Amino acid sequence: MKGAILYGPRDVRFDERESPTIIEPTDAIITLSMSCICGSDLWPYRGLNPTDGPTPMGHEYCGIVEEVGGAVTSIKRGQFVIGSFFASDNTCPHCRAGYQTSCEHMQPVSGAQAPVLRVPLADGTLVPTLEVPSDDLIPSMLALSDVMGTGWFAADAANVKPGGTVVVVGDGAVGLLGVLSAKHMGAERIIVMSRHSARQKLALEFGATDIVTERGDEGVAHIKDLTKGVGADSVLECVGTEESMTQAIRSTRPGGSVGYVGVPHGVSIDGAELFFTHVRLHGGPAPVRRYLPNLIDMVFHDKINPGKVFDLTLPLNQVAEGYRAMDERRAIKTMLRP
Ligand SMILES: [Zn+2]
Ligand SMILES: [Zn+2]
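Residues numbered from 1 in each chain as written. Chains lettered and ligands numbered in written order. Predicted model: local features only at pLDDT ≥ 70, side-chain atom pairs only at ≥ 80, totals over all residues.

1. Quick look at the packing of helix α5 (residues 147–157) against helix α6 (residues 173–184)
For step 1, the next point in the chain: Between α5 and α6, whose axes approach to 7 Å, the crossing angle comes to 55°. In this view, α5 runs oblique relative to α6, as classed from their interaxial angle. Helix-helix and strand crossings are classified by hand; for α5 and α6 the assignment is right-handed. Side by side, α5 and α6 meet where Val 147, Met 148, Thr 150, Gly 151, Trp 152, Ala 154 and Ala 155 of the first sit next to Ala 173, Val 174, Leu 177, Gly 178, Leu 180, Ser 181 and Ala 182 of the second.
For step 2, the next point in the chain: For the contact of α5 with α6, a count of residues per class yields 10 nonpolar, four polar and no charged. (Axes fitted to C-alpha atoms, helices over the stretch in contact; angles between N-to-C directions. Helix = DSSP H or I, 4+ residues; strand = E, 2+ residues; numbered from the N terminus. Parallel < 35°, antiparallel > 145°, perpendicular 65-115°, else oblique. Left-handed = near helix turned anticlockwise from the far one by under 90°. Contact = placed C-beta atoms within 7 Å. Nonpolar A, V, L, I, M, F, W, Y, C, P; charged D, E, K, R; others polar.)

What follows is the structure, encoded as structure tokens:
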């Protein structure tokens, strides 16, 4: 089988690797309908997360179950399934509390930029749909595997409420789907921080009401201007840098909440500053599994169309160009056809 392998900084290749097989009796093997590249794949691609030798890439997936291990009971061959980037048993105390990405038996899913994928803990991880979705729904189903679920968690963690004012820091796929999530949760005003015209356009389509192009202190000043000097009720931090986290905290009103889902790289928070802001912080790797049943239902009923974040589709063998396009911000998110 051929799939995407990262050999070093900016060196990703469509190359031969071992076909996945059942290793544990709780595994499933699925044939992927579509795959894609994540913004978080750009960290190792840019050499900012050191990798341990050649690394199979990809963690977002949906497709048809081909085979299940002997201990799998609820997932069946032939089902269309979606799962999260972390496998979980869905039975331990953390899973039952809705934090499946902190599962006591959590395992990362990797190697999804390929035609076939092994998913551990299949019963807990995978959510089957009632029917196989039509081709036009596949991009939106794929988006649920990470970016849509992560955007939804950002909005949920930021305590978005009907009538509230929301700021979204970050105009990548997660930030844009954070806008869509906030809109569905009833936010009245959604301010997105973006300097990129194609992304601004999609943000407005997803429900953004205002665009702020400034960053840093000027960005915070503009948010304060737009909110009568108060700040936002809910801020979604979807980048993961020191600048974006500071921006998020300083844009939030006292008593408001920041939902942070950008994987932190070099972020430190000043305790004294945080103390005097009265801002709540909640975030982490999104427990996508918690939201999947509801989000799948919303896609089937045409209430959300998160697949719109895919603005480039390539055959899997052109995966290197897919990474380049995202790295150079020519594409928001690349979908890969196995
Ligand atoms: Zn991802
Ligand atoms: Zn668990």
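2. Details of the domain arrangement of the protein chain
For step 1, the next point in the chain: Splitting the protein chain by domain gives domain 1 (2–146 + 287–337) and domain 2 (148–283).
For step 2, the next point in the chain: If you average the C-alpha positions of domain 1 and of domain 2, the two centres end up 26 Å apart.
For step 3, the next point in the chain: With 20 residues of domain 1 at the interface, the matching set in domain 2 holds 17 residues.
For step 4, the next point in the chain: The set of elements that each furnish at least two residues to the side of domain 1 that touches domain 2 consists of α4 (138–144) and α11 (288–300).
For step 5, the next point in the chain: No other element matches α11, which puts four residues into the side of domain 1 that touches domain 2. (Domains from an automatic or database assignment.)

3. Description of α5
Owing to its 3.6 residues per turn, the α-helix aligns residues three or four sequence positions apart on the same side.
For step 1, the next point in the chain: Counting buried positions over the 11 residues of α5 gives 11, a clear majority of the element.
For step 2, the next point in the chain: The set of residues buried in α5 consists of Val 147, Met 148, Gly 149, Thr 150, Gly 151, Trp 152, Phe 153, Ala 154, Ala 155, Asp 156 and Ala 157.
For step 3, the next point in the chain: If you follow the buried residues of α5, they end up packed against α4, α6, β14 (232–237), β15 (252–260), β16 (280–283) and α11.
For step 4, the next point in the chain: After α5 finishes, the residue Asn 159 shows a positive phi value of roughly 60°. (Buried ≥ 20, exposed ≤ 12 C-beta atoms within 10 Å, placed from the backbone.)

4. What to know about the sheet that holds strand β4 (residues 55–56)
For step 1, the next point in the chain: In spatial order, the strands read β2-β1-β4; together these three strands make up an open sheet with antiparallel pairing. Single-partner strands in this sheet number two, and they are β2 (11–16) and β4.
For step 2, the next point in the chain: Bridge analysis of strand β1 (residues 2–8) against β2 gives six bridges, and the strand direction is antiparallel. Within β2, the residue paired with Gly 8 across the bridge is Asp 11. (Pairing = 2+ DSSP bridges.)

5. Some remarks on the pairing of strand β18 (residues 334–337)
For step 1, the next point in the chain: Examined bridge by bridge, strand β3 (residues 28–36) and β18 share two bridges and lie antiparallel to one another. Paired with Ser 35 across the bridge in β18 is Leu 336.
For step 2, the next point in the chain: Across four bridges, strand β17 (residues 312–315) lies against β18 in parallel orientation. Looking across to β18, one finds that Thr 313 is bridged to Met 335.
For step 3, the next point in the chain: Between the parallel pair β17 and β18, the chain is carried across by helix α12 (residues 319–327), and the sense of this crossover is right-handed. (Right-handed = clockwise from strand over helix to strand, strands pointing away.)

6. Quick word on the environment of Glu 237
For step 1, the next point in the chain: Locating Glu 237 in the fold gives a position in strand β14.
For step 2, the next point in the chain: Here Glu 237 falls in the buried class, since 32 other C-beta atoms lie within 10 Å of it.
For step 3, the next point in the chain: Sequence separation between Glu 237 and Tyr 260 is 23 residues; the distance between their C-alpha atoms is 4.5 Å.
For step 4, the next point in the chain: Ignoring any residue separated from it by four or fewer positions in sequence, one finds Glu 237 in contact with Val 169, Ser 244, Met 245, Ala 248, Val 258, Gly 259, Tyr 260, Val 261 and Gly 262.

7. Here we look at the sheet that holds strand β12 (residues 189–193)
For step 1, the next point in the chain: The strand order across the open sheet built from six strands is β13-β12-β11-β14-β15-β16, with neighbouring strands paired in parallel fashion. Two strands lie at the open edges of the sheet, namely β13 (210–212) and β16, each paired on one side alone. On average, adjacent strands in this sheet sit at an angle of 20° to one another, irrespective of strand direction.
For step 2, the next point in the chain: By the bridge criterion, four bridges tie β15 to β16 in an arrangement that is parallel.

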